[in-house]
Amino acid sequence: MHQAARLEFERVMDEFARWHAVPADQRSPAPAWWWGPAMAVFDDHEPMCRAWCCELGLGEGTSFADGARQLLALFAEQTSLPLAHDFPSMAEGGDHDVRDLHPQPSDDSAFQP
């Protein structure tokens, strides 16, 4: 397996563990950014580490390919994706501490006729 694919999948598994620790009724939908790393290992039959197998609810020695399928299955019934500030749990209400970007007036002084 390519080292970059392994690192990305490792990041996803760390996020998955944080996400999975949130009670199901408070958990955000699975994030779309997991799709790419899962697809990168979709055909890799090398066994995953025991901790990842356990976190995904799979048997010890399960392959990366099976782990990727387990992650991708999260998207099957999903009808929405979370915003970054709603991950790993849904923020209550619409009041986020995220800065809104407002349009700025253009500076056309550099383009004098």
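As the structure is a computational prediction, the values presented were derived from the model and not from experiment. (Residues numbered from 1 in each chain as written. Predicted model: local features only at pLDDT ≥ 70, side-chain atom pairs only at ≥ 80, totals over all residues. Heavy atoms only, no water.)

(A) Spotlight on the overall build of the protein chain. Each helix and strand in the protein chain was counted, giving 4 helices and 0 strands. Helices (α) and strands (β) of the protein chain occur, in sequence order from the N terminus, as α-α-α-α. Relative to its 113 residues, the protein chain shows a buried fraction of 30%. In the protein chain, once contacts between residues fewer than 6 apart in sequence are set aside, the share between residues at least 24 apart is 63%. (Helix = DSSP H or I, 4+ residues; strand = E, 2+ residues; numbered from the N terminus. Buried < 20%, exposed > 50% of the residue type's maximum accessible area, 1.4 Å probe, protein only. Contact = heavy atoms within 4.5 Å.)

(B) Quick peek at the packing of helix 1 (residues 3-21) against helix 4 (residues 64-73). Between helix 1 and helix 4, the least distance of the axes is 12 Å, while the angle of their chain directions is 45 degrees. With respect to helix 4, the axis of helix 1 lies oblique. Here helix 1 runs over helix 4; the crossing is left-handed. Residues Arg-6, Phe-9, Val-12, Met-13 and Phe-16 of helix 1 form the contact with helix 4, whose own contacting residues are Phe-64, Gly-67, Ala-68 and Leu-71. Here the contact of helix 1 with helix 4 is built from residues that sort into 7 nonpolar, 1 polar and 1 charged. (Axes fitted to C-alpha atoms, helices over the stretch in contact; angles between N-to-C directions. Parallel < 35°, antiparallel > 145°, perpendicular 65-115°, else oblique. Left-handed = near helix turned anticlockwise from the far one by under 90°. Nonpolar A, V, L, I, M, F, W, Y, C, P; charged D, E, K, R; others polar.)

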